[in-house]
Amino acid sequence: EEVELVWMVIMVCFACILSRAVTPEDAWSSVKGQLYVSVAAGFGVGKAMENSGLTMALAQGVLWMVGSDDVAKVMLALGAVATLLTQFLSNTATCVLMMPIVKSVVEAGGFHEYRRAMGFLLIFCSNASYATPIGTPPNLIVSTTGADYTWGEFFKFGFPLQVVCLPLTTFLVVQWYGPEAVGVRTSVA
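Within any chain, residue numbers begin from 1 and follow the written order of that chain's sequence. The predicted origin of the model limits local features to residues at a pLDDT of at least 70 and limits the giving and counting of side-chain atom pairs to 80 or more, whereas totals for whole chains, interfaces and linings rest on all residues. With hydrogens and water excluded, all non-hydrogen atoms of the structure serve as input to the side-chain values.

1. Digging into the state of the cysteines
Count a disulfide wherever a pair of cysteine sulfur atoms falls within 2.5 Å. For the coordinates displayed, the defined rule picks out zero disulfides. Just so you know, C13 is unpaired, no disulfide at all, and the nearest cysteine sulfur is the one on C16, 6.5 Å from it. The buried label applies to any residue whose accessible area, calculated with a 1.4 Å probe on protein chains only, is under 20% of its type's maximum; exposed applies above 50%, and partly exposed to all values in between. Judged by relative accessible area, which is 41%, C13 ranks as partly exposed. C16 sits in the partly exposed class, given a relative accessible area of 31%.

2. Quick word on unusual backbone geometry
A positive phi angle, near 65°, is found at R20, a position not held by glycine. Here R20 falls in the exposed class, since its relative accessible area comes to 75%.

3. Quick word on the packing of helix 5 (residues 71-85) against helix 7 (residues 115-126)
Any two packed helices are characterised by the angle at which their axes cross and by the distance between the axes. Whenever a helix is involved, its axis is fitted only over the stretch in contact; in every case the axis is a line through C-alpha atoms, and angles between N-to-C directions fall within 0 to 180 degrees. Each helix is a run of H or I in the DSSP string that is no shorter than four residues. Each strand is a run of E no shorter than two, and both are numbered from the N terminus. Two elements in contact, helix 5 and helix 7, have axes whose closest approach is 9 Å; the angle formed by their N-to-C orientations is 30°. Relative to helix 7, the element helix 5 lies roughly parallel. Where helix 5 crosses over helix 7, the two elements pack in a sense that is right-handed. Two secondary-structure elements touch here, helix 5 through V71, V74, M75, L78, G79, A82 and T83 and helix 7 through A117, M118, L121, L122, C125 and S126. Charged residues are taken to be Asp, Glu, Lys and Arg, nonpolar residues to be Ala, Val, Leu, Ile, Met, Phe, Trp, Tyr, Cys and Pro, and polar residues to be all remaining types, Gly included. Looking at the contact of helix 5 with helix 7 residue by residue, the class counts come to 10 nonpolar, three polar and no charged. Roughly parallel means an angle under 35 degrees; roughly antiparallel, over 145; roughly perpendicular, 65 to 115; everything else is oblique. Each crossing gets its handedness from the near helix: less than a right angle anticlockwise from the far helix is left-handed, clockwise is right-handed. The contact rule is simple, with two residues in contact once any of their heavy atoms fall within 4.5 Å.

4. A word on the nonpolar core
Residues belong to a common nonpolar core when they are buried Ala, Val, Leu, Ile, Met, Phe, Trp, Tyr or Cys residues joined through side-chain atoms within 4.5 Å. In this structure, V74, M75, L78, V105, F111, Y114 and M118 are the most contacted members of the largest nonpolar core, which totals 26 residues. Mapped onto this core, the elements with two or more residues apiece are helix 4 (54-66), helix 5, helix 6 (91-109), helix 7 and helix 9 (151-177). In contact with Y114, not counting residues within four places along its chain, are V71, V174, G178, P179 and E180.

And the structure:
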């Protein structure tokens, strides 16, 4: 029987600590342990937002601001919120916080045929963090290598890229995963 990769990695980590090849402190700091704790905390915040009714209130606010007659405008608004959040939160935390809002927008706006498109939009926008050094783990890793990258450098290149990516991503997910997409499954099994 094969051992799952995650368990193999955990066993190797423990073996390194037990053999004193690395101290627990060095192991923790090398994987940016505090980053994983902050990502995990996002799951609780997302659930609390959903349970409190905040996600439905935010969804209704989005629909009030952009209207519910044009799914592309709604998706651009949701994508913009996710793109903004992911500049300051991890991509995982952004996705965890935004998913209940997206689900509520689908329900409140009657966009059931676009739920797959909105799901993909959320995935791509939550991972599109180019404008700050703290938005995603790769940005954090690169910005802490000692190369002294500045917020301005990230913003100078990343913001224009964000401006191009959001409408393009919205257009593509509607084309590929909207109800008119040919040969694409629109129901969730």
